[in-house]
Amino acid sequence: MKRIMKYALVAIALCSCLAFAQSAPKASASESSEAAEKAEKDRMASSGSFQLDFAISENENGKLINQRHYMMKISGDGSANEIKIGTRVPITTGPGQGTYTDVGTNLQAFIRGDTLTANAELSSLAPTEKDSGASPMVRQLKLTGRTPVVIGKPILVGSADDPYSKRQFQVEVTITKIR
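Residues numbered from 1 in each chain as written. Predicted model: local features only at pLDDT ≥ 70, side-chain atom pairs only at ≥ 80, totals over all residues. Heavy atoms only, no water.

Peer 1: Looking at this model, I keep getting lost on the overall build of the chain. Mind explaining?
Peer 2: Counting its secondary structure elements, the chain contains two helices and eight strands. Secondary structure of the chain in N-to-C order comes out as α-α-β-β-β-β-β-β-β-β. Across the 179 residues that make up the chain, the buried fraction comes to 27%. In the chain, the share of contacts with a sequence separation of at least 24, taken over all contacts with a separation of at least 6, comes to 48%. About 12,500 Å² of surface is accessible on the chain, with carbon and sulfur atoms providing 55% of the total. (Helix = DSSP H or I, 4+ residues; strand = E, 2+ residues; numbered from the N terminus. Buried < 20%, exposed > 50% of the residue type's maximum accessible area, 1.4 Å probe, protein only. Contact = heavy atoms within 4.5 Å. Areas by Shrake-Rupley, 256 points an atom, 1.4 Å probe, with all protein chains shown as cover.)

As structure tokens, then:
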């Protein structure tokens, strides 16, 4: 009798396992392939280092009038790197009072998983009348973009029209994998 009970329990357990396995949703071959591809992209992006080559273009009426290039190396661990080039400009806030503001180019970027996040901030002084005594006006353009990591091809982070002129600014980055 004990032996029959053991066999019965084993049979019930096997039947339950088979029923559960048949009712569990199965991933299609394409879903499995997509999941494996995403896991490989995440592993590639998060391991090693990258070189980011930024190109900041200024166009007027569809014609390139200025382009600047910047390069930074970053790790794929999600930590951010920054390039900051510019001038500290004194700003008068009242009689005998003042502060400073940074004017120039500031680039920040990081890669987390298979996504690049890049911030570009461009600022300049607006023309003012000489000897007016007024503090200069600072014009600023800021682009922040998140895009999938694409190795070896230029990626458009963003573009914006200058509200004070007929100029357009574009920020592109090309990512190169370094060991």
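Peer 1: Help me out: how do you make sense of the layout of surface pockets in this one?
Peer 2: With a probe scaled to a water molecule rolled over the atoms, the places where space remains empty come into view. By volume, the largest pocket is sized at about 540 Å³. Lining the largest pocket are 23 residues, with Glu58, Leu122, Ser123, Ser124 and Phe169 positioned closest to its centre. Elements that contribute at least two residues to the lining of the largest pocket include exactly β1 (49-60), β2 (63-75), β4 (97-112), β5 (115-125), β6 (138-148) and β8 (167-178). For the lining of the largest pocket, a count of residues per class yields nine nonpolar, eight polar and six charged. Around the second largest pocket, the lining is made up of 15 residues, and of these Lys84, Asp102, Val103, Gly104 and Ser123 lie nearest the centre. Per-element tally for the lining of the second largest pocket: the top contributor is β4, with six residues. A breakdown of the residues in the lining of the second largest pocket according to their chemical character gives three nonpolar, eight polar and four charged. (1 Å grid on protein atoms, 1.4 Å probe; cavity = no way out; pocket = protein on both sides within 12 Å on 5 of 7 lines; lining within 4 Å. Points joined across faces, edges and corners; volume = space filled by probe spheres on them. Nonpolar A, V, L, I, M, F, W, Y, C, P; charged D, E, K, R; others polar.)

Peer 1: Help me understand the pattern of salt bridges, please; the structure alone is not making it clear to me.
Peer 2: Pairs can form between side chains of opposite charge once their charged atoms are near each other. By the definition in use, this model includes four salt bridges. A salt bridge links Glu60 to Arg167, with the nearest nitrogen and oxygen atoms 3.6 Å apart. Of the two residues, Glu60 sits in strand β1 while Arg167 sits in strand β8, which places them 107 residues apart along the sequence. By relative accessible area, which is 28% here, Glu60 ends up partly exposed. Three or more residues joined by partner-sharing salt bridges are found here, namely Glu58, Glu60 and Arg167. (Salt bridge = Lys/Arg side-chain N within 4 Å of Asp/Glu carboxyl O.)

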